[in-house]
Amino acid sequence: MIMNNPIFKKEQTIRTRSPKLMILLVAFNIGLLLLMILSFLTIYGVKRTGSLARYEDTLFLYILIGIFEFALMLLIVPTFTAGSITGEKERQTFDTLITTNRRPSTIVMGKLGASVSMMVLLIVSSLPILATVFSAGGVSLIDIIRYVVTFLLESIFIGSIGMICSVSCKSTTKSTVLAYINVLLLVLGTIAILGALYIFIGKQINTEMNDYNAVKEVVDLKYGVCLLLLNPLVTIVALLFKQTGNVGVFNDYLSKVGSCNSFILENWVEISIFLQLSVAVILLFLCIKKINQVPKS
Amino acid sequence: MVEIQELCKKYGTHIVLDNMNLHIERGQTYGLVGPNGVGKTTLIKILAGLLEPEYGRIKIGGKETTTKERRSNLKIGYMPDYFGVYQNLKLYEYMEFYAQMYGYRNKEIKNVIMEQLDLVHLTSKIEENVDILSRGMKQRLCLARCLLARPEVLLLDEPASGLDPRARKDICQILHHLQEQQITILISSHILQDLSKMCTHIGIMDGTKMVVQGPVEDILRIEEEAKPLCIRFTEVNANLFRYLESYALIQDLKVEGTQATMRFQGSEVEEANLLTQLIQNGAGICYFAREEGNLERIFLQITKGD
């Protein structure tokens, strides 16, 4: 269906002819490659003199590359989507777009689809680098596919944030800045809020009990930790830890902050993706509504 | 075909359109004229469904419409005064994109695109990138884009703005062709000379209202006094001009070089007498005629100007 969207097709045509795409592909993969080489040297290089190599460290490499790639996505997707509607307005092509009989949803989905397809291109181009972990085993093809699917679903979520900023702002610069602020709040802000709460509550208890050790036992943000369900970085970390057999480590970290339901802990990735995509649907619905409004001036 | 009743639009406290009324029949070409900032673009955007008026009724094809209905109504084609194009897109791809946006199926697209490009004489440019086309070609391309949906009403905001005389002539020829197809056209323009040749009806806006509107011939006849008489002499002659100044039937004498323009309030016989007397006084006359009604003059008379 998206393949028949004229906006999607037009965006694909224009982007693939631009040298920026080639530069982005090369830079993206060079960045990953450098990280991979550095990590390999770190893991195996110091053991050149004959000690045993720990193949399980290759799994750590998988986590590192996965997180790094995801972090790049958090930087790239807002740039694509935050300028989608404002760019049309600045180019003075927006009026001619909306006076066709296509619904605003066609415009929104076309723009979002084009941005997500760029991420498909980037992640597929980086698969050979990601697949180096197969040399040591421990990560299966299914795990890679799950990672790619999660990656793309998260890019839809981040893309929807960029889209709502684009319809709300008058210039691409402002919408891009706003999109990055929102992503930053989501990724770091949620952690910072929990951290601040943890410290605040800990201090309160500490002053009452005057026992630092007791604080560690008593501070419990309970379901407050579920705020992290909206954090896409935590979602991808949860997935990578689960795939590499480190789900216990992830659960331990979360449990230190708050005791939430074991069902949520066990299905953290699925629940967080569901929540994030629900938010994305709401944001996209708001985008469509905003575009459908007739301005007063 | 297009009817506006009591339309009002304001930006904040500034009233742009105040109880605007307009009626355009099917097949008419209506020229909208007015000083900069009087609200021509606002009126066209409201008709295209891009701006919400404060109040008023707008009927298209006899049916009252809301702003959103007009925005998605393919019977209305809209060409803005300023428009952009996409980089890295060929002309054919640009038209193909809009044909798809207008809902054409793949097998229909090529024919409808070539038909419109043929109309605007751009078939030879289908492999060129749209962003490197000249201004005139872009205007024609935008017109072709508007016509893809086969509109019954065409709203053109300054279609000839920034074009050289040759390019303006091309646009005029295309619009003449559209007139033959009975498409209702509303054009706003500052190039009054083109409007008076192209339009069947004219509306002159000033302040917040339409001050004069009607068929072009009627508007040109509005000039309250007699059509000005223009005399061009073979050489400058101060005595001659003093003679003209003192002539009883001559008023508002204006002299520029060897040309004198004046309001002559006599009959045709008295006009002939003037000519005879001038020749007998030794004037060398190479031109002696009444000027045709001039839209620019009417516009300047009626409006306060820029």
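Keep in mind it's a predicted model, so treat the numbers as computed, not measured.

J.: Would you mind showing me how to read the overall build of chain A here?
T.: Counting its regular elements, chain A contains 14 helices and 0 strands. Sequence-ordered secondary structure for chain A, helices as α and strands as β, is α-α-α-α-α-α-α-α-α-α-α-α-α-α. Along the three orthogonal principal directions, the C-alpha set of chain A runs to about 65 × 55 × 30 Å. Expressed as a percentage of its 297 residues, the buried residues of chain A come to 48%. Across chain A, every contact between residues at least 6 apart in sequence was considered, and the portion connecting residues at least 24 apart equals 82%. Side chains of chain A carry 24 positive and 16 negative charges; the gap between the two charge centres is 14 Å.

J.: Would you mind showing me how to read the overall build of chain B here?
T.: Each helix and strand in chain B was counted, giving 11 helices and 14 strands. Among the 306 residues that make up chain B, the fraction classed as buried is 50%. The long-range share in chain B, meaning contacts at least 24 apart out of those at least 6 apart in sequence, stands at 67%. About 14,300 Å² of surface is accessible on chain B, with carbon and sulfur atoms providing 46% of the total.

J.: Would you mind showing me how to read the environment of Ile-98 of chain A here?
T.: Mapped onto the elements of the fold, Ile-98 of chain A is located in helix H5 (residues 94–98). When the C-alpha atoms of Ile-98 of chain A and Ile-291 of chain A are compared, they prove to be 8.4 Å apart, with 193 residues separating the residues in sequence. Leaving out residues up to four positions away in the same chain, Ile-98 of chain A has contacts with Ile-107 and Ile-291 of chain A together with Leu-50 and Arg-71 of chain B.

J.: Hey, could you run me through the sheet that holds strand E4 (residues 55–60) of chain B in this one?
T.: In sheet architecture, strand pairing relies on hydrogen bonds along the backbone and comes in two forms, parallel and antiparallel. Residue and element names in this part refer to chain B. Spatially, the 4 strands line up as an open sheet ordered E2-E1-E4-E5, and their pairing is antiparallel. Taken across any chain shown, the strands that pair with only one partner, and hence form the sheet edges, are strand E2 (14–24) and strand E5 (63–64). Of the pairings in the sheet, the one linking strand E1 (residues 2–11) to E2 comprises 7 bridges and is antiparallel in character. Bridged to Ile-4 within E2 is Leu-22. Across the sheet, helix H1 (residues 40–48) touches E1, E2 and E4, and the angle it forms with E1 is around 120°.

J.: Looking at this structure, how should I read the confidence of the model for chain B?
T.: Of the residues in chain B, 94% have a pLDDT of 70 or more, and the chain-wide mean is 86. For chain B, per-element mean pLDDT is lowest for helix H11 (residues 295–302) of chain B, which scores 68, and highest for helix H3 (residues 91–101) of chain B, which scores 95.

J.: Just to check I follow, could you spell out a nonpolar patch on the surface for this structure?
T.: Together, Met-22, Ile-23, Val-26, Ile-30 and Leu-34 of chain A line one region of the surface with nonpolar side chains, adding up to about 490 Å² of accessible area. Here Ile-23 of chain A shows up in helix H2 (residues 19–44).

J.: How should the packing of aromatic side chains be read in this particular structure?
T.: In this description, an aromatic ring pair is defined by two values, namely the gap between the centres and the angle between the planes. Residues and elements named next belong to chain A. Here the structure, examined in full by the defined rule, presents 10 aromatic pairs over all chains. Ring centres of Tyr-147 and Phe-151 lie 6.0 Å apart, and the angle between their planes is 50°; on these two criteria the pair is classed as tilted. Here Phe-151 and Tyr-147 lie together in helix H8 (residues 141–168), a separation of 4 residues that amounts to about one turn. Phe-151 carries the same exposure label as Tyr-147, and that label is buried.

J.: For this particular structure, what's the right way to read the interface of chain B and chain A?
T.: Interface size, as often reported, equals the accessible area lost upon joining of the parts. Of the residues lining the interface, 34 residues belong to chain B; the matching set on chain A comes to 27 residues. Buried area between chain B and chain A, both sides added, is near 2,800 Å², and the carbon and sulfur share of it is 58%. When the area that chain B buries against chain A is broken down by residue, the three leading residues are Arg-71, Tyr-86 and Met-101 of chain B, summing to 27%. Here chain B is connected to chain A by 2 salt bridges. As a salt-bridge pair, Glu-93 of chain B and Arg-17 of chain A come within 2.5 Å of each other at their nearest N and O atoms.

J.: Sorry, what's going on with the pairing of strand E3 (residues 29–33) of chain B here?
T.: Remember that side chains alternate between the two faces of the sheet whenever the strand is regular. All names here are of chain B. Across the 5 residues that make up E3, a large majority, 5, are buried. Side chains Thr-29, Gly-31 and Val-33 project from E3 onto one buried face, and the interleaved Tyr-30 and Leu-32 project onto a second face that is buried too. In this structure, E3 lies alongside strand E8 (residues 184–188), joined through 4 bridges in parallel fashion. Across the sheet, residue Thr-29 finds its bridge partner in E8, namely Ile-185.

J.: Looking at this model, I keep getting lost on the side chain of Gln-139 of chain B. Mind explaining?
T.: Considering the arrangement of structural elements, one finds Gln-139 of chain B in helix H5 (residues 135–147). Judged by relative accessible area, which is 0%, Gln-139 of chain B ranks as buried.

J.: What's the story with the sheet that holds strand E10 (residues 209–215) of chain B in this structure? I'm lost.
T.: All names here are of chain B. Read from one edge of the open sheet, 6 strands run E6-E7-E8-E3-E9-E10, paired in mixed fashion. Either end of the sheet is taken by a strand with one partner, and the two such strands are strand E6 (76–79) and E10. Shown here is a sheet whose adjacent strand axes are inclined to one another by a mean of 15°, direction ignored. Bridging between strand E7 (residues 153–157) and E8 involves 5 bridges; their strand directions are parallel.

J.: Just checking my understanding: could you explain unusual backbone geometry for this structure?
T.: Of all residues except glycine, most have a negative phi; of all peptide bonds, most are trans. All names here are of chain B. Positive phi is not limited to glycine here, since Glu-6 has a value of about 50°. Residue placement: Glu-6 occurs in strand E1. According to the relative accessible area criterion, Glu-6 is partly exposed, its value standing at 41%. Phi at Asn-88 is positive, roughly 60°, even though this residue is not glycine.

J.: It is not clear to me how the packing of H8 of chain A against helix H14 (residues 268–292) of chain A should be interpreted in this structure. Could you clarify?
T.: Between two packed helices, both the angle of their axes relative to each other and the distance between the axes serve to describe the pair. Residue and element names in this part refer to chain A. Where H8 contacts H14, the two axes come as close as 9 Å, and the packing angle between them is 30°. Here H14 runs roughly parallel to H8, going by the angle between their axes. Note on packing geometry: the crossing formed by H8 with H14 is left-handed. Note on element contacts: H14 touches H8 through Glu-270, Ile-273, Gln-276, Leu-277, Val-279, Ala-280, Leu-283, Leu-284, Leu-286, Cys-287, Lys-290 and Ile-291, opposite Arg-146, Thr-150, Leu-153, Glu-154, Ile-156, Phe-157, Ser-160, Ile-161, Met-163, Ile-164, Val-167 and Ser-168.

Each value, and the rule that gives it
- Residues numbered from 1 in each chain as written.
- Chains lettered and ligands numbered in written order.
- Predicted model: local features only at pLDDT ≥ 70, side-chain atom pairs only at ≥ 80, totals over all residues.
- Heavy atoms only, no water.
- Helix = DSSP H or I, 4+ residues; strand = E, 2+ residues; numbered from the N terminus.
- Buried < 20%, exposed > 50% of the residue type's maximum accessible area, 1.4 Å probe, protein only.
- Contact = heavy atoms within 4.5 Å.
- Lys, Arg positive; Asp, Glu negative; His and termini not counted.
- Charge placed at Lys NZ, Arg CZ, Asp CG, Glu CD.
- Areas by Shrake-Rupley, 256 points an atom, 1.4 Å probe, with all protein chains shown as cover.
- Pairing = 2+ DSSP bridges.
- Axes fitted to C-alpha atoms, helices over the stretch in contact; angles between N-to-C directions.
- pLDDT = per-residue confidence, 0-100.
- Patch = residues over 30% accessible without salt bridge, like charges linked within 9 Å, V, L, I, M, F, W, Y side chains within 5 Å.
- Salt bridge = Lys/Arg side-chain N within 4 Å of Asp/Glu carboxyl O.
- Phe/Tyr/Trp six-rings, centres within 6.5 Å; stacked < 30°, edge-to-face > 60°.
- Buried area = accessible area lost by both parts, 1.4 Å probe.
- Parallel < 35°, antiparallel > 145°, perpendicular 65-115°, else oblique.
- Left-handed = near helix turned anticlockwise from the far one by under 90°.

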